[in-house]
Amino acid sequence: MTASEFQPRCVAEHEFVPWARMIADTYGLDRSERELADQRAATDLTRTLAVFDEGEPVAGVSVYSRLLTVPGGVLPAAGIASVGVAPTHRRRGILTAMMRTQLTDLYEQRREPIAVLRPSEAGIYGRYGYGPATVGNRMRCDRRALRFRPGTDFGDGGVRLRQAERARPLLEEVYDRVRTVTAGWPDRQTAHWTVRLADYPHRRGGATSLRYAVHEERDGRATGYALYRHRSEPDGRGGSAGVLQVEELAACSRQAYAALWRFLAGVDLVTWIDYEGAVDEPLPHLLVERRAVNAALYRLWLRPVDLGRALAGRGYGRDLDLVLDVRDDFCPWNSGRHRLQAQDGRAVCAPTTAPADLRLTVAELGAAFLGGTSLTSLAAAGLVEELRHGALSAASAAFRGAREPWYPGGWAFPLY
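Cut-offs applied
Residues numbered from 1 in each chain as written. Predicted model: local features only at pLDDT ≥ 70, side-chain atom pairs only at ≥ 80, totals over all residues. Heavy atoms only, no water. Helix = DSSP H or I, 4+ residues; strand = E, 2+ residues; numbered from the N terminus. Rg over C-alpha atoms; globule rule 2.2 N^0.38 Å. Contact = heavy atoms within 4.5 Å. Areas by Shrake-Rupley, 256 points an atom, 1.4 Å probe, with all protein chains shown as cover. Pairing = 2+ DSSP bridges. Axes fitted to C-alpha atoms, helices over the stretch in contact; angles between N-to-C directions.

1. Looking at the overall build of the protein chain
Here is step 1 of the chain: Helices and strands together make up the secondary structure of the protein chain, namely 11 helices and 19 strands.
Here is step 2 of the chain: By the compact-globule yardstick of 22 Å for 416 residues, the protein chain fits well, its C-alpha radius of gyration being 23 Å.
Here is step 3 of the chain: Seen along its three principal axes, the alpha-carbon backbone of the protein chain occupies a region of about 60 × 60 × 45 Å.
Here is step 4 of the chain: Restricting the contact set of the protein chain to residue pairs at least 6 apart, pairs at least 24 apart contribute 73%.
Here is step 5 of the chain: Summed over all atoms, the accessible surface of the protein chain reaches about 18500 Å², with 48% contributed by carbon and sulfur.

The following block contains the structure:
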């Protein structure tokens, strides 16, 4: 098969299992029958592409339509997942063909105006116009040093461990309240929750089954939760250290947030607590010793597909009248000058022939879209060019959000 001979097409029902197993194999994973059934329930085959060679799937990619919280509102987002090319068919232009087919369909059919993914190899997707839109903390906490500052408000609710069946509706309720006010959080439909909470034994990596800690107020309302597992690792002295692996934490109030962390810090036989959270995570500020928390970074990548609809669909922190000269080599319909006008948080964006104020590529807009990465920092790296004095600082301030965006938990975007 050569680049001119393949054509990405939708996956038929009878082709789903071999397609899913092929994708899993590109990541070095196995799929149980239960996993395949859960994945099929969450997959729209009309939006799932594959490339076949002699009837066998050799590449694929899926779209999972989601709603993503952005500064000032919520936008439909194409969650890109299950991206894979078999080792036997790489370096033939197959991935580029699938990306082009997918993005062109999004634009021509006026589907979701933005696309998002969490890449396993970040360097791949910049060529397709994706930019790193969120920055977060991969934190390791010394449980023994997690002492809370005097006067910390834990509220009068409490944390209880619940079984999966009883916990799930409470988790869904809390998540929906939190995600509508947190940039970078997607919605979750029933099939997404099923996969998110699926606890396949062979995927635990030596950890225990999932635990469900739910924070409830005195009147019984759920206002927070933490999903976690126990595991152990070598302590460097010939023994082992207990690790509490927090997979997701959501809280509707600062009191519930503090109470959940007090609970986690009180779990016995634990040396370390691992957690992925926001870059401006409040936890260190609650502690007597902030150095009890160490952090590293991870990112969600985003690309505007329909630039005008995307920029008009989010809110802005200040009024703005700006002409952007955008280059998009992969989706040429976005290339050119666009006038972005925002007033009282609402915006319109349309093509224009007026002189440009800023020049940049669509990947830089993707990086700044959720209000995390600043346009000024991108300009300092030579990725944004200011063509009118003052335009850069005004645009950077308008694009920024009230808090840093982040992407919840250690999970792949579309399914979980």
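2. Examining the sheet that holds strand β2 (residues 48-53)
Here is step 1 of the chain: Spatially, β1-β2-β3-β4-β5-β14-β6 is the arrangement adopted by the seven strands of the open sheet, whose pairing is mixed. This sheet does not close on itself; its edge strands, each paired only once, are β1 (9-10) and β6 (131-132).
Here is step 2 of the chain: Note: strand β3 (residues 56-70) against strand β4 (residues 73-85), 11 bridges, orientation antiparallel. Following the sheet pairing, Gly60 is matched in β4 by Gly84.
Here is step 3 of the chain: The strands touched by helix α1 (residues 16-26) are β2, β3 and β4; relative to β3, the strand with the most contacts, the crossing angle is about 85 degrees.

3. Some thoughts on the sheet that holds strand β17 (residues 346-351)
Here is step 1 of the chain: Here we have five strands laid out as an open sheet, ordered β17-β16-β15-β18-β19, and mixed in their pairing. Looking at the sheet topology across the chains shown, the edges are occupied by β17 and β19 (385-386).
Here is step 2 of the chain: As defined by bridge partners, strand β16 (residues 336-343) adjoins β17 across six bridges and the pair is classed as antiparallel. Residue pairing in the sheet places Arg339 in a bridge with Ala350 of β17.
Here is step 3 of the chain: Against the sheet, helix α11 (residues 391-399) engages β15 (320-327), β16, β18 (358-361) and β19, with an angle of about 100 degrees to β15.

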